[in-house]
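Close look at the chain arrangement
Each chain, letter by letter, is given below.
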Amino acid sequence: MSLSPIPIHPVQHVEFDAGLIRRLSQSGPRYTSYPTADRFSESFGYRDYLQTVTQLHARGARSPLSLYIHIPFCDTVCYYCGCNKIVTKNRDKAAVYLGYLKREIEMQGKLFAGFNHIEQLHFGGGTPTYLADVQMDDLLQHIRRWFRFADDEQGEYSIEVDPRSVTPERIHALRRQGFNRISLGVQDFDADVQQAVNRIQPEEKTLATIRAAREAGFRSVSIDLIYGLPKQTVMTINQTLSKVIEANPDRIAVYHYAHLPHLFKPQRRISEQDLPGSDAKLDMLSLCIRRLNEAGYVYIGMDHFAKPEDELAVAQRQGRLHRNFQGYSTHAEADLIACGVSAISSVGMCYSQNAKTLEEYYDRLDQGELPVVRGYQLTMDDVLRRFIIQMLMCNFELSIRSLEQAYPITFSAYFATELEQLEELQQMGLLTIDDEWIEVGMKGRLLIRNVCMVFDRHLQQARRLPSEPLRYSRTV
């Protein structure tokens, strides 16, 4: 067994079983929420959200909050992208959007007056650095007018950056503006792959951004890679991995490209004959895992790796890891307020999603209402299953006894059907079950979504309905 740079914490490496993955890989949710967003209903609206916040006030809620800001604009379209975005070079659109976004932030700030302490902030997109430096300054000042932020050491303040749209000076400015974590999209350094997905990103631009982030004092630098892209081979991935490992980021995400052109129009520009086959993609994934293990990165879960001393790895060892709409997080149990077009909040016992188009987003705010157009009110069964899925996704284990103490159930009776399905996974070597624990082994961790899907009541019900177009990516 290899050891991490922190001697007292041995690293256990995830096991790659190609045959098992081929057998079990299927379409399934990523579980950034439970129930998943496709269960949201338009019967849930603005007033339902207001009622939830009122209930928080009545309970005297004082826990720190998480805040997400969505900036949907991009200069160019990346063909692989499935995000909600607006591709335009007309910067006036961003100016108009910011005016409405500030209205929403003010409305949310007033709703949460008295318990508006923020410990986590994330700017996502789109491309947040589409905004000019002065626009970002103005927006952040407005946010601080309505919310109180923890100091830099305690708070986690992150932003997604496109290396093509920033200079080293801009990176330093972002640090001065209060961001202390930065995430960069790389995908693949190979020129042919970049051409095939319409994302020409010179290697030196990426490396210069990372150097500037280190010089500016960012506490965490994260890089996103994608395997399964057009023109991509094991060789291109291997060369990209060598360069990424040498750049020494704190976190690396290795996403599987989900080709869903019926859902995401830009993907229709990708020639399917250029996509690698399933065996090639498995070889790429196997290579990524081996190279990152050898480089000393810890497998966090899903597609995420981190250095052993990174806060994500530390939180996982201490049982504090959490998962929300932004992925893995160290801030468990924080209500999430999300502002901007299509943004999803998780507050109290509900999820709420904003309008997905600018026109409807603006119209709702012009009417003096938050732009909530759909959502979901959780039942106690949802809360119970959400907790189970969170524990499995983040810690790869579940204490049955602790669960029974927290909820008025007998696990073996309540989840009798689920236990039958888990027994099949146990026989395959993915996990072990006894009266006390469910523990996902090293062979099962890459297939953790399959394990969690067993507890997804909504998914099981949907499978009994007439077939619908594929909505999820493959589990591996």
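Everything numeric here is computed off the predicted structure, so don't read it as measured data.

As for the pairing of strand β1 (residues 65-71)
On any regular strand, side chains alternate: one points to one face of the sheet, the next to the other face. Across the seven residues that make up β1, a large majority, seven, are buried. Here β1 shows a buried face lined by Leu65, Leu67, Ile69 and Ile71 and a second buried face lined by Ser66, Tyr68 and His70. As defined by bridge partners, β1 adjoins strand β4 (residues 117-125) across seven bridges and the pair is classed as parallel. Bridge pairing in β4 places Tyr68 opposite His122. Where β1 meets strand β14 (residues 335-339), five bridges bridge the pair, whose relative direction is parallel. Following the sheet pairing, Leu67 is matched in β14 by Ile337.

Some details on the environment of Gln141
Among the structural elements, Gln141 can be located in helix α4 (residues 133-146). The class for Gln141 is partly exposed, based on a relative accessible area of 47%. Considered as a pair, Gln141 and Gln177 are 36 residues apart in the sequence and their alpha carbons are 9.2 Å apart.

Brief notes about the nonpolar core
Counting 136 residues, the largest nonpolar core has Ile69, Leu101, Phe123, Leu139, Leu392 and Phe455 as its most contacted members. Ignoring sequence-local partners within four residues, the contact set of Phe455 consists of Tyr34, Arg385, Ile388, Ile389, Leu392, Phe411, Phe415, Glu418, Leu422 and Ile438. Membership of the second largest hydrophobic core comes to 11 residues, among which are Cys78, Val197, Ile226 and Tyr257.

Some thoughts on the packing of helix α8 (residues 234-247) against helix α9 (residues 278-294)
Where α8 meets α9, the closest approach of the two axes is 10 Å, and the angle between their N-to-C directions is 20°. Taken together, the axis directions place α8 and α9 in an arrangement best described as roughly parallel. As α8 packs across α9, the resulting crossing turns out to be right-handed. Here Val234, Ile237, Asn238, Leu241, Ser242 and Ile245 of α8 come into contact with α9, specifically with Ala280, Asp283, Met284, Leu287, Cys288, Arg291 and Leu292. Along the lines of polarity and charge, the residues of the contact of α8 with α9 split into nine nonpolar, two polar and two charged.

Looking at the state of the cysteines
Counted according to the given criterion, the structure contains zero disulfides. Among the cysteines around Cys350, which has no disulfide bond, Cys339 carries the closest sulfur, lying 14 Å off. Overall, Cys350 belongs to the buried group, its relative accessible area being 1%. For the unlinked cysteine Cys394, the closest cysteine sulfur is that of Cys452, found at 9.1 Å.

A closer look at the confidence of the model for the protein
Within the protein, residue pLDDT values average 92, and 96% of them lie at 70 or more. Low pLDDT (under 50) marks residues 1-9, which in the prediction has 15 contacts with non-local residues, meaning those over four places away or in another chain.

Description of helix α7 (residues 203-216)
Spacing of three or four residues puts side chains on the same side of an α-helix, whose turn is 3.6 residues. Relative to the 20 Å expected for 14 residues at 1.5 Å per residue, α7 spans 20 Å between its end C-alpha atoms, a close match to the ideal helical length. Thr206, Ala208, Thr209, Ile210, Ala212, Ala213 and Ala216 are the residues of α7 that are buried. The inward-facing, buried residues of α7 contact β6 (156-161), α5 (168-176), β7 (181-187), β8 (220-227) and α8. Gly217 sits one or two positions beyond α7 and adopts a positive phi of about 95°.

Regarding the side chain of Thr209
Mapped onto the fold, Thr209 is located in helix α7. Within polar-contact distance, the side chain of Thr209 engages the backbone oxygen of Lys205 at 2.9 Å. Setting aside anything within four residues of it in sequence, one finds Thr209 in contact with Val161, Pro163, Val166, Ile171 and Leu184.

Analysis parameters
- Residues numbered from 1 in each chain as written.
- Predicted model: local features only at pLDDT ≥ 70, side-chain atom pairs only at ≥ 80, totals over all residues.
- Heavy atoms only, no water.
- Buried < 20%, exposed > 50% of the residue type's maximum accessible area, 1.4 Å probe, protein only.
- Helix = DSSP H or I, 4+ residues; strand = E, 2+ residues; numbered from the N terminus.
- Pairing = 2+ DSSP bridges.
- Core = buried A, V, L, I, M, F, W, Y, C linked by side-chain atoms within 4.5 Å.
- Contact = heavy atoms within 4.5 Å.
- Axes fitted to C-alpha atoms, helices over the stretch in contact; angles between N-to-C directions.
- Parallel < 35°, antiparallel > 145°, perpendicular 65-115°, else oblique.
- Left-handed = near helix turned anticlockwise from the far one by under 90°.
- Nonpolar A, V, L, I, M, F, W, Y, C, P; charged D, E, K, R; others polar.
- Disulfide = S-S within 2.5 Å.
- pLDDT = per-residue confidence, 0-100.
- Expected span 1.5 Å × (residues − 1).
- Polar contact = N/O pair within 3.5 Å; in protein donor to acceptor, adjacent residues only side chain to side chain.

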